[in-house]
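Chains, contacts and geometry: an overview
Residue-level listing of the chains:
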Amino acid sequence: MELQKMGEEMGTEKLNGTIPDNNKAAGLEDGYEEEERALTEQEEFLPHIASKKLNQFTDFEGKTTFGMSVFNLSNAIMGSGILGLAYAMKNTGIVLFLVLLICIALLSSYSIHLLLKCAGVVGIRAYEQLGFRAFGHGGKVVAAVIISIHNIGAMSSYLFIVKSELPLVIQTFLGLTENNSEWYMNGNVLIIVVSVCVILPLALMKHLGYLGYTSGLSLTCMVFFLISVIYKKFQIACPLNSTMDNNSTMDLKDESCTVEIFTINSQTAYAIPILAFAFVCHPEVLPIYTELRRASKRRMQNVANVSILAMFCMYLLTAVFGYLTFYENVEAEMLHTYINVDPLDKLILCVRLAVLLAVTLTVPVVLFPIRRAIHQLLFHKKDFSWPRHVTIACCLLVTVNLLVIFVPNIKDIFGVIGATSAPSLIFILPSVFYIRIVPNEKEPLLSRSKIQAACFAALGFIFMVMSLSFIIVDWVTTGKSSGVGH
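The notes below deal with the structure included here.

What counts and what doesn't
Residues numbered from 1 in each chain as written. Predicted model: local features only at pLDDT ≥ 70, side-chain atom pairs only at ≥ 80, totals over all residues. Heavy atoms only, no water. Helix = DSSP H or I, 4+ residues; strand = E, 2+ residues; numbered from the N terminus. Buried < 20%, exposed > 50% of the residue type's maximum accessible area, 1.4 Å probe, protein only. Axes fitted to C-alpha atoms, helices over the stretch in contact; angles between N-to-C directions. Parallel < 35°, antiparallel > 145°, perpendicular 65-115°, else oblique. Contact = heavy atoms within 4.5 Å. Nonpolar A, V, L, I, M, F, W, Y, C, P; charged D, E, K, R; others polar. Salt bridge = Lys/Arg side-chain N within 4 Å of Asp/Glu carboxyl O. Patch = residues over 30% accessible without salt bridge, like charges linked within 9 Å, V, L, I, M, F, W, Y side chains within 5 Å. Areas by Shrake-Rupley, 256 points an atom, 1.4 Å probe, with all protein chains shown as cover. Expected span 1.5 Å × (residues − 1).

Some points on the environment of T399
As for its placement among the helices and strands, T399 is situated in helix 17 (residues 386-406). In this structure T399 comes out as partly exposed when scored by relative accessible area, which is 40%. With 247 residues separating them along the chain, T399 and I152 place their C-alpha atoms 8.7 Å apart.

This is how it looks when you write it as structure tokens:
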């Protein structure tokens, strides 16, 4: 008691006699530095109180504004999945696609709500740490592995875009109308060249540094992509015979220019995974929450809702205008469809260059969290080592390159990752974390909130099993009918 009185007397002149509680600290705009100095002065008098306060991340006054937080989370949501949305609409119809898109967006918002509730209870700012708090070391391993799998899938989708688009860009620059057998027109060779000459040097950096700014470039490129898709809808007529040369391999008929309102076929199984893949941002939610100015669960939930709504509108516009341009002829990677219309189109060439630049520079950024997870799981007691740092980066890039070389279609990457890691990050893990972390004294196990969370996890598990089953069945039947896989 004597030490506590001495500590309170020392802080009276700076903090009016009290240390701000969580709620007050969250509401201060300019008091962070003052509070930090006061806690430093009191550390030798009140070490236990100071250390306890610093363990709660909501005690820190973030400096990021609401608008910038929305921008950062939107960057986390936006990715290569946007290129597959028109293909998903083609295989569901406009109405079913809209229903699925709304459902995935709402469910993503609800899962972020569960994460924020967990974070509010234990004051943790990382997805893996929530896993450790819920299930110990095993939970941390599972969370890290799932995040790594998802990021490997994202890297693969980025390099697949390089594989399919870079040869076409080179072909356009050289003024060629047909592919040739030169090495610089081979997509598999080009991704190896890009990985060794561009991605690997950036991935070998010890810290992210300026690479974090590529998220802004990526979002800008995707906005440019959306504007171009809308513009080209009014430039490309349907049927496309009049705008295509005689060497086109696409079978375009008058009946191909019909809008499907509702349809189900063998490729519909890829629609939900593609949509789920396009909305995953959950590992980045808590770090953004930590840096939010005047952080509170409601304020961060509003950031998430605005970001999801913005991406919902962008996704919907991209899918609608992309689908209404090519109808049943749209491909799994939509940019690739435009080459069949006009290989020398300057606008599409600019879009390709912008997207290629964005995805190439984003690969090293996505690689960093995987390497950090591997360090934490396997080498957490060891100091930094350059040989280990380089070896992990090289192994990851070799793995991703092999995946891209041997996976013939980007829809398989979207489908498998969207059917495994995406439902785990959106549905299953936030729900089970919530059930385990929120005390039963606060919310009983049979309370409505925890029952809803359990149902949410069950929905994610059912979605995962069904999607994987349909995708495997499609692989088997397609392989038997054509003699090859996808």
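A word on the packing of helix 9 (residues 137-173) against helix 10 (residues 187-203)
At their nearest, the axes of helix 9 and helix 10 sit 9 Å apart, and the two run at 105° to each other. In terms of orientation, helix 9 and helix 10 fall into the roughly perpendicular class. Contacts between helix 9 and helix 10 pair L159, V162, K163, L166, P167 and I170 from the former with G187, N188, L190, I191, V194, S195 and I199 from the latter. Partitioned by chemical class, the residues of the contact of helix 9 with helix 10 number nine nonpolar, three polar and one charged.

Concerning the pattern of salt bridges
The full count for this structure, using the stated rule, is three salt bridges. The partner of K117 in a salt bridge is E443, with the nearest N and O atoms 3.4 Å apart. Of the two residues, K117 is situated in helix 7 (residues 94-122) and E443 in the loop between helix 18 (410-437) and helix 19 (448-482); the sequence distance between them amounts to 326 residues. Taking the relative accessible area as the measure of exposure, K117 reaches 22% and is therefore partly exposed. R352 is paired through a salt bridge with E165; the nearest N and O atoms lie 2.2 Å apart. Here the residue R352 occupies a position in helix 16 (residues 346-378), and E165 occupies one in helix 9, the gap between them amounting to 187 residues.

Things to note about a nonpolar patch on the surface
A contiguous nonpolar surface patch, about 550 Å² in accessible area, is contributed by V95, V99, V259, I261, F262 and I264. Locating V99 in the fold gives a position in helix 7. On the basis of relative accessible area, V99 is assigned to the partly exposed category, the value being 42%.

Points about helix 5 (residues 66-77)
For helix 5, with 12 residues, the first-to-last C-alpha span of 16 Å sits near the 16 Å given by 1.5 Å per residue. Taken as a whole, helix 5 has its buried residues at S69, V70, L73, S74, N75 and I77.

Coordinates in, geometry out; function isn't part of it.
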